[in-house]
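Geometric and topological summary
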Amino acid sequence: MKSFVPIVIVLIMGLTTKGELSYPGQCIKDTTARVFGNYIELGTASTPERCIKICREMQRDVPPPTPRKGFPYAGMQFRTQCFCGSSIPANAGAPSRECNMPCPGDKRKKCGGAYRMNVYPTGVKYP
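The present account deals with the structure reproduced in this document. (Residues numbered from 1 in each chain as written. Predicted model: local features only at pLDDT ≥ 70, side-chain atom pairs only at ≥ 80, totals over all residues. Heavy atoms only, no water.)

1. Here's the deal with the state of the cysteines
Here is the rule: The rule for a disulfide is simple: a pair of cysteine sulfur atoms within 2.5 Å. Put simply, DSSP H or I for four residues or longer makes a helix, DSSP E for two residues or longer makes a strand, and each gets a number counted from the N terminus.
Tallied over the entire structure, the rule returns four disulfides. Across the disulfide from Cys-27 sits Cys-99; the S-S distance is 2.1 Å. Handedness of the Cys-27-Cys-99 disulfide follows from its S-S torsion of about 80°: it is right-handed. Of this pair, Cys-27 sits in strand β1 (residues 26-29) while Cys-99 sits in the loop between β4 (81-85) and β5 (102-103), placing them 72 residues apart in sequence.

2. Regarding the side chain of Thr-122
To keep things clear, this is the line we draw: Throughout, exposure labels follow a simple rule: accessible area from a 1.4 Å probe, protein chains only, divided by the maximum for the residue type, with under 20% read as buried, over 50% as exposed, and the rest as partly exposed. Here a polar contact means two N or O atoms within 3.5 Å. Within protein one must be a hydrogen donor candidate and the other an acceptor candidate, and residues neighboring in sequence count only if both atoms are side-chain atoms.
Following the sequence through the fold, Thr-122 ends up in the segment after β7 (116-121). Using a relative accessible area of 6% as the deciding quantity, one classes Thr-122 as buried. One polar contact links the side chain of Thr-122 to the main-chain carbonyl oxygen of Phe-71, over a distance of 2.4 Å.

3. So, the packing of aromatic side chains
The test is simple: Pairing of aromatic side chains here covers Phe, Tyr and the six-membered ring of Trp, requires ring centres within 6.5 Å, and sorts the geometry by plane angle: under 30 degrees stacked, over 60 edge-to-face, intermediate tilted.
Enumeration according to the criterion identifies two aromatic pairs in this entry. Ring centres 6.4 Å apart and planes at 15° place the aromatic pair Phe-36 and Tyr-73 in the stacked group. Within this pair, whereas Phe-36 is found in the loop between β1 and β2 (38-41), its partner Tyr-73 is found in strand β3 (residues 73-77), the two being separated by 37 residues in sequence. No difference in accessibility class separates Phe-36 from Tyr-73, as the two residues are buried. Here the aromatic rings of Tyr-39 and Phe-83 are separated by 5.2 Å at their centres, their planes lie at 45°, and the arrangement is tilted. Of the two residues, Tyr-39 is situated in strand β2 and Phe-83 in strand β4; the sequence distance between them amounts to 44 residues. Owing to a relative accessible area of 42%, Tyr-39 belongs among the partly exposed residues under this scheme.

4. Considerations on the nonpolar core
Stated precisely, the cut-off is as follows: To define a nonpolar core, start from buried Ala, Val, Leu, Ile, Met, Phe, Trp, Tyr and Cys residues and group those joined through side-chain atoms within 4.5 Å. The criterion used for residue contact is that any of the two residues' heavy atoms lie within 4.5 Å.
Counting residues in hydrophobic clusters, the biggest one holds 14 residues, and the most contacted among them are Ile-40, Leu-42, Cys-51, Cys-55, Met-76, Cys-82 and Cys-84. Elements represented by at least two residues in this core include exactly α2 (48-57), β3 and β4. With three residues, α2 is the largest single contributor of residues to this core. In contact with Ile-40, not counting residues within four places along its chain, are Ile-54, Met-58, Thr-80, Gln-81, Cys-82 and Cys-84. Grouped together as the second largest cluster of nonpolar side chains are nine residues, Ile-28, Phe-36, Tyr-73 and Ala-92 included.

5. Focus: α2
Stated formally: Think of the arc as the fan of directions from the helix axis to the C-beta atoms.
Burial in α2 covers these residues: Pro-48, Cys-51, Ile-52 and Cys-55. Seen along its axis, α2 keeps its buried residues to an arc of 100°; they face one direction. Residues of α2 that are buried sit in contact with β3, β4, β5, β6 (106-110) and β7.

Written out as structure tokens, the structure reads:
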């Protein structure tokens, strides 16, 4: 059993160092420069589902052939802040305990922390 543990750790590290989500709702580190540049304040009705929907439908100012609608990732931070983005930086992963603020719209769910963001895929894919 001990020889299996290092293999699992290597697989998890491999996923997060490529800038991909290991699981929906993964906690990542943000900075003052912002990992995702598009911000929406959701207020007291904030939930991951609402943020995902907004990011999936948001219009983007990009040249063709890139789709003009939607972002691949939605992130909840500091309870009420929704961020939308196109990519996750490598090594951005943070311990899940650092994303510990409950969502005002559904207290059973977590909505990030201080400069910590629960990130979800929206289903939008770029070519």
